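Analysis of the macromolecular model
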Amino acid sequence: MNSSLSLEEKYLVVGAGKSGVAACDLLQKKGRSATLYDMNENMDFSAIQESHPDWKGIEYANGLYNGKHNEGLFDGITCVVMSPGVPVEGDFIDEIKKRWIKLSGEVELAYSLGLGEVYAITGTNGKTTTTSLTGQIFLNYFKSVFVVGNIGIPYTSVAYDTVSDTKIIAEISSFQLETIDTFKPHVSAILNITPDHLNRHHTMENYSRIKESITKNQTSDDTCVLNYEDDELRRFGETLKCKVIYFSSNRELPHGIYYRDKSIYSTLSGKEEKVIDVTDMNILGVHNFENASAAIAISVAAGVPMDIIRNSLKEFKAVEHRIEFTAEKKGVRYYNDSKGTNTDASIKAVLAMDRPILLIGGGFDKKISFDEWVETFAGKVKKLVLIGETKYDIAKVCDKFGFKDYIFADTLEKAIDVCAENAVCGDCVLLSPASASWDMFNSYEERGEIFKDYVRKLPE
């Protein structure tokens, strides 16, 4: 156990999604009592109850909290566990603070009740690829490994099964970092920090502070992996008490991992060693070579031999929904980058393409600027098809920079049709929205699956 929690504590778990259910399951297995609470007034808990017939000591509550409705919700509660998707501000949070109730999160809960050593990866972009790749390397070397977190597997769903020598590879989002307290990775990694989720975090200063808090409990026995080409992170690295390993896609480093002339090198042993030729990997783009470099640094810090790292890099396949090749129809290649939910991610996808692009963009508005994204279109994007809430905002930016070849579509399917009609042999169609999915879809995964299914039905 990484920190002590009292058996007498009673928990309020907020959010009845995947994370909240996993948190209640862990608490039940550990003999704790809890109330699973969801703010959806129409929430039906019957499916959860049916799928967890062994639960004891779990109660249920739902409905918007306004201080009167759900009166007594906090009675006896000593700890509130927030699911990542629930904002940590507003009247509900004010009430928790006023009552001096401990505020926690799913990641903190799992860390407190679990065992093993944590390797935690955050950043605006590249988290899922880096986490998946690091996980594959570790699985090829260590006996007990779990790959968890924002990647889609709640940390709480595996914490009960961890042992002292378990290695936990965790993708950690800014939403999850808002509620950490004692959480301490043996190795942390911050891949990059660019504007995202400002509708929740409000300012870049606050967003950066939250991302960097992944290191707040690390000591000189721990390590942080940072992107040397990110000015903010390079400066941040100079302030840390833990060991720092940098990676770079633009320069050689005396002690780090770097990309040069289509190969990745390491100088962590005190001399330069070629790790791999990037042509031997199954991932595209300089951003992915950065992700691989970060995974190498994490793995070296964990003591994984270089031959295991090298072979794992060769085996690794691209993450679903991240510049994922879908099909080739009439000489046109279709790529699903639905996970490109901000401009920095989508810029990397655009730059990774080696063909003229018909680009599908737009979606839920996270209050970010589209200027840098649109600036990359020159010489790369031949037509832009816009969908979702942000389509008119993106169009205004296109006009500002003189990019006129854009069109609006009401649905993703219509956007694909427009691209198919305008594409010629040698082009590519890229879904890389630079926006979240929540205006038209339940998730970026759903958006990506709809794209892939529709593309595969296009005539050969």
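The present account deals with the structure reproduced in this document. On a predicted model such as this, the values are computed, not experimentally measured, just so you know.

The rules we used
Residues numbered from 1 in each chain as written. Predicted model: local features only at pLDDT ≥ 70, side-chain atom pairs only at ≥ 80, totals over all residues. Heavy atoms only, no water. Helix = DSSP H or I, 4+ residues; strand = E, 2+ residues; numbered from the N terminus. Buried < 20%, exposed > 50% of the residue type's maximum accessible area, 1.4 Å probe, protein only. Areas by Shrake-Rupley, 256 points an atom, 1.4 Å probe, with all protein chains shown as cover. Lys, Arg positive; Asp, Glu negative; His and termini not counted. Charge placed at Lys NZ, Arg CZ, Asp CG, Glu CD. Core = buried A, V, L, I, M, F, W, Y, C linked by side-chain atoms within 4.5 Å. Contact = heavy atoms within 4.5 Å. Pairing = 2+ DSSP bridges. Salt bridge = Lys/Arg side-chain N within 4 Å of Asp/Glu carboxyl O. 1 Å grid on protein atoms, 1.4 Å probe; cavity = no way out; pocket = protein on both sides within 12 Å on 5 of 7 lines; lining within 4 Å. Points joined across faces, edges and corners; volume = space filled by probe spheres on them. Nonpolar A, V, L, I, M, F, W, Y, C, P; charged D, E, K, R; others polar. Axes fitted to C-alpha atoms, helices over the stretch in contact; angles between N-to-C directions. Parallel < 35°, antiparallel > 145°, perpendicular 65-115°, else oblique. Left-handed = near helix turned anticlockwise from the far one by under 90°.

1. Things to note about the overall build of the chain
In terms of helices and strands, the chain carries 17 helices and 20 strands. In terms of overall dimensions, the chain has a C-alpha envelope of 65 × 55 × 40 Å along the principal axes. Burial analysis of the chain (460 residues in total) assigns 58% to the buried set. Put simply, the chain shows about 19300 Å² of open surface, and 48% of that area lies on carbon and sulfur atoms. If the 52 positive side-chain charges of the chain are averaged to one point and the 67 negative ones to another, these points end up 3 Å apart.

2. Focus on the nonpolar core
Core analysis: the largest hydrophobic core is formed by 48 residues, its most contacted members being Val13, Leu109, Tyr155, Ile172, Phe183 and Leu226. In this view, Phe183 contacts Val107, Glu108, Tyr111, Val118, Ala120, Tyr155, Ile172, Ile214 and Asn217; residues no more than four positions away in its chain are not counted. Counting residues in each nonpolar core, the second largest holds 37 residues, with Ile121, Phe247, Ile264 and Val275 among its members.

3. Some remarks on the pairing of strand S18 (residues 381-386)
With five of its six residues buried, S18 lies for the most part within the structure. The pairing of strand S17 (residues 357-361) with S18 spans five bridges and is parallel. By the bridge assignment, Gly361 is partnered in S18 with Leu386. Two elements, S18 and strand S19 (residues 406-408), share three bridges in a ladder whose sense is parallel. By the bridge assignment, Leu384 is partnered in S19 with Tyr406.

4. Some details on the pattern of salt bridges
On inspection of all chains with the given rule, the structure shows 26 salt bridges. We note a salt bridge from Lys367 to Asp365, for which the minimum N-O separation is 3.3 Å. A relative accessible area of 57% places Lys367 in the exposed class. The exposure class assigned to Asp365 is buried, which follows from its relative accessible area of 17%. In this structure, Lys383 engages Asp405 in a salt bridge whose closest nitrogen and oxygen atoms are separated by 2.8 Å. Of this pair, Lys383 sits in strand S18 while Asp405 is found in the loop between helix H15 (391-400) and S19, placing the two residues 22 residues apart along the sequence. Here Asp405 falls in the partly exposed class, since its relative accessible area comes to 33%.

5. Re empty space enclosed by the protein
If you walk through the whole model with that rule in mind, you get two cavities of 30 Å³ or more. Elements supplying a minimum of two residues to the lining of the largest cavity: helix H4 (106-113) and helix H7 (174-177). Taken together, the residues of the lining of the largest cavity break down into six nonpolar, four polar and three charged.

6. A short note on the environment of Ser437
With respect to the secondary-structure elements, Ser437 resides in the loop between strand S20 (428-431) and helix H17 (444-456). Its relative accessible area of 2% is what places Ser437 among the buried residues. When the C-alpha atoms of Ser437 and Gly448 are compared, they prove to be 9.7 Å apart, with 11 residues separating the residues in sequence.

7. Some points on the packing of helix H11 (residues 286-301) against helix H12 (residues 306-315)
Taken N-terminus to C-terminus, the directions of H11 and H12 make an angle of 150°; their axes are 10 Å apart at the nearest point. With respect to H12, the element H11 is oriented roughly antiparallel. Two packed elements cross with a definite hand, and for H11 against H12 that hand is right-handed. Across the interface between the two elements, Ala292, Ile296, Ser299 and Val300 from H11 touch Met306, Ile309 and Leu313 from H12. Of the residues that constitute the contact of H11 with H12, the class distribution is six nonpolar, one polar and no charged.

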